[in-house]
Amino acid sequence: MNDECRTGVYICNCGTNIAKVVNAEAVRDRVAELPGVACARTYKYMCSNPGQDMITQDIKEHGLDRVVVAACSPRMHEPTFMKALEAAGLNPFMLEMANIREQCSWVHDDAPKATAKAADLTHAAIRRVARHQPLEKQEAPYTPTTLVLGGGIAGLTVAVELSDAGQHVHLVERESRLGGNVGRVDLTAPYLDSARDLLAEKIVQAETSPRIDVHLRSTLTDLQGFVGNFTATVTHTDGTDQVVPVGSVVVCTGYREFDATRIERLGYGKHLDVITSFELEERLRTGKLETADGRVPQYVSIVHCVGSRHGKYHPYCSRVCCMTALKYGHEIKSALPEAMVTDLYVDMLSFGKGGEDLYRRTSELKTMFLMYEKEDYPVVRAADEGDDCGMLVQVRERLSGETFDVPADMVVLLVGMQARNDSGQVARTVGISQDKEGWFIESHPKLAPVSTATDGVFIAGGCQSPKDIPDSVAQARAAAAMVLGYIAQGKVEVDARYAQVDADLCSGCRMCNELCPYTAITYDPEEGRSDVQSALCKACGTC
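Caption draft 1: Fine view of the packing of aromatic side chains. The final tally for this structure, using the stated rule, is seven aromatic pairs. Ring geometry for Y359 versus F369: centroids 5.4 Å apart, planes at 80°, classification edge-to-face. One end of the pair, Y359, is in helix α10 (residues 355-364); the other, F369, is in strand β19 (residues 368-371), with ten residues separating them in the sequence. You can call Y359 partly exposed: its relative accessible area is 25%. Both rings, one in Y372 and one in Y377, keep their centres 6.2 Å apart while their planes meet at 45°; by these two values the pair is tilted. Taken together, the ring pairs connect Y142, F458 and Y486 into an aromatic cluster. Cation over ring: R510 sits above Y523, and NZ or CZ is 4.0 Å from the ring centre.

Listed below in structure tokens is the structure:
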């Protein structure tokens, strides 16, 4: 270790997130006497403006040439502290962070042992920063053209926003039409606006804009390069490939509905009048709300959470089902005033603006609400001879504790959202990650909800997680704003930290090529060794 280093060490309490388990003062006292440590301090929130000012002031007053911050994950605030170093005139890469929150205080409850571990992590960071060398930031030009993958409401919004800002867009849609899943909907909750009217304006704008190239029946089959300098290969239905240079990619591939045949007790595929929400939407759009044999239904039952909030299928809430059920209550009663509508729910989540009002108005229409136990789906069977209905829905009502047979001529299953079958292929093509349910993963759920692990690749809409139309549009506009921010700069800053291959030691085994989560490593068959594309590398150390 270089004793000539002048290192400043800062231990954050993070309110009580760290301080409730780790004794920050004890950590400070232990590391303060280490060789090369010029000053050591604690503060309640190092990421706050006073905390950053403390670091900047100490660099100037004590002549610090290195800084260690023991706090949260570097993913959270490393850029924050790098800016503090820059403000003091110190190379920002002379920073090292020790994660004593996620990797210490949040996973331990033995305070003395957690404090000792935090001190060890901080000590290791001090020894590591002693080996740091100043690095210079790199820049590359930025191609202003953007590729948008998916022509649903989110993809259309991104394309139109960028076009309105004067930018060129390639809009790639694998189907024969634009509109996505919203194009299959009749009215939208909570105000019962027409989905067709909502989409029509966006589709016309996309199809008529001279700055938007719409590619129907097409897929993205390859993406090479790095942020600002991607080369995308779009394969059309006739088998021809089109190679386009783009600066960013926005993935808006949407979702698919749950396959209701997986839940046998609900009778989908067995009883012709057990239909899914999208099948009901089709009937509502055509104005023919009839049973399979052409009768007008007297009794309609709506079943929530089909495939959602269930350990065997999907544990998450699909978010739109409750509002959709309330909307159906209005639409069915409007078409069939004498019909009896029964709403079979687990929990009623009428969230968002106008949600509670829609719930109240649906209740006033004399919709019957019956609550069933989570994961205990109702059982649909044929009605008995002499009954005035086609089916009976047996439900164990949670609030009363009783079991009812609810008459039904039509049963509507509110099928949940799930990741598309091709989401894995899309993730591999554009270099992003998926969670265990197949949804694309954002950089940070709160601070970077539309960014991904690959710079220049953004996500928006239902491909990231279940969401309604307003949230999809909000994400799409956020992604468009991120892209426009890059375009406005005209260049992109490339991280100066990246891995390098030692040509003398590389055996050409290509294990690192498979392991790299950012697809930053390529293999040169002529040289028989691997190379790192510095612009793609995130210096994560996986290789």
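Once the structure has been displayed, the description carries forward.
Caption draft 2: Just the pairing of strand β21 (residues 391-396), in detail. Alignment of strand β20 (residues 379-382) against β21, held across four bridges, turns out to be antiparallel. Across the sheet, V379 pairs through a bridge with Q394, a residue of β21. The pairing of β21 with strand β22 (residues 403-408) spans six bridges and is classified as antiparallel. Residue pairing in the sheet places R396 in a bridge with T403 of β22. From the end of β21 to the start of β22, which pair antiparallel, there are six residues, and G401 there has a positive phi angle of about 80°.

Caption draft 3: Quick peek at helix α2 (residues 49-62). Taking 1.5 Å per residue, 14 residues should reach 20 Å; α2 reaches 20 Å between its end C-alpha atoms and fits that length. Of the positions making up α2, those classed as buried are G51, Q52, M54, I55, T56, D58 and I59. Among the structural elements, β1 (7-12), β2 (37-43), β3 (66-71) and α3 (74-87) are those in contact with the buried residues of α2. Just past α2, the residue G63 takes up positive phi, approximately 60°.

Caption draft 4: Molecular detail of the nonpolar core. If you look at the biggest cluster of nonpolar residues, it comprises 44 residues, and the most contacted ones within it are I55 and V67. Of all elements in the fold, only β1, α1 (24-32), β2, α2, β3, α3, β4 (95-99) and α5 (111-129) reach the threshold of two or more residues within this core. If you tally residues by element for this core, the top one is α5, at six residues. Apart from the residues lying within four places of it in its own chain, the contact partners of I55 are Y10, M46, V67, V69, F81 and L85.

Caption draft 5: Local environment of the pairing of strand β14 (residues 248-251). With burial as the criterion, each face of β14 is covered, one bearing S248 and V250 and the other bearing V249 and V251. In this structure, strand β6 (residues 146-149) lies alongside β14, joined through four bridges in parallel fashion. Considered in β14, the bridge of L149 is made with V251. Pairing analysis gives three bridges linking β14 to strand β25 (residues 457-459), with the strands arranged parallel. Bridge pairing in β25 places V251 opposite I459.

Caption draft 6: Broad picture of the packing of helix α6 (residues 153-164) against helix α7 (residues 195-208). Two numbers describe how α6 lies on α7: the axes approach to 9 Å, and their chain directions differ by 50°. Viewed along their axes, α6 and α7 adopt a mutual orientation that is oblique. The interaxial crossing formed by α6 with α7 has left-handed handedness. Only L198, L199, K202, I203, Q205 and A206 of α7 make contact with α6, whose side of the interface consists of I153, L156, T157, V160 and D164. Here the residues of the contact of α6 with α7 are counted per class, giving seven nonpolar, two polar and two charged.

Caption draft 7: Main features of the environment of V494. Its place among the elements puts V494 in strand β26 (residues 491-494). Residues V494 and S507, spaced 13 residues apart in sequence, show a C-alpha to C-alpha distance of 28 Å. Not counting chain neighbours up to four residues away, the residues in contact with V494 comprise Q138, A140, F226, S534 and A535.

Caption draft 8: Inspection of the sheet that holds strand β12 (residues 229-236) at higher detail. Strand order in the open sheet formed by three strands is β11-β12-β13, and the pairing between neighbours is antiparallel. Among the strands making up the open sheet, the edge pair consists of β11 (218-226) and β13 (241-246). On average, each strand axis in the sheet is inclined to that of its neighbour by 20°, with strand direction left out of account. Where β12 lies against β13, six bridges are found, and the strand directions are antiparallel. Paired with T231 across the strands is P245, a residue of β13.

Caption draft 9: Quick look at the state of the cysteines. Evaluated as defined, the whole model comprises zero disulfides. Of all cysteine sulfurs, the one in C305 lies closest to C317, which takes part in no disulfide; the gap is 6.3 Å. Judged by relative accessible area, C317 falls into the partly exposed class, the value being 31%.

Caption draft 10: Looking closely at the sheet that holds β25. Strand order across the open sheet formed by five strands is β10-β7-β6-β14-β25, with parallel pairing between neighbours. Strands at the two margins of the open sheet, each flanked by one partner only, are β10 (212-216) and β25. Direction aside, the axes of adjacent strands within the sheet are offset by 20° on average. The sheet strands contacting α6 are β6, β7 (169-173), β10 and β14, and the helix crosses β7 at an angle near 165°.

What counts, and at which threshold
- Residues numbered from 1 in each chain as written.
- Predicted model: local features only at pLDDT ≥ 70, side-chain atom pairs only at ≥ 80, totals over all residues.
- Heavy atoms only, no water.
- Phe/Tyr/Trp six-rings, centres within 6.5 Å; stacked < 30°, edge-to-face > 60°.
- Helix = DSSP H or I, 4+ residues; strand = E, 2+ residues; numbered from the N terminus.
- Buried < 20%, exposed > 50% of the residue type's maximum accessible area, 1.4 Å probe, protein only.
- Lys NZ or Arg CZ within 6 Å of the ring centre and 35° of its normal.
- Pairing = 2+ DSSP bridges.
- Expected span 1.5 Å × (residues − 1).
- Contact = heavy atoms within 4.5 Å.
- Core = buried A, V, L, I, M, F, W, Y, C linked by side-chain atoms within 4.5 Å.
- Axes fitted to C-alpha atoms, helices over the stretch in contact; angles between N-to-C directions.
- Parallel < 35°, antiparallel > 145°, perpendicular 65-115°, else oblique.
- Left-handed = near helix turned anticlockwise from the far one by under 90°.
- Nonpolar A, V, L, I, M, F, W, Y, C, P; charged D, E, K, R; others polar.
- Disulfide = S-S within 2.5 Å.

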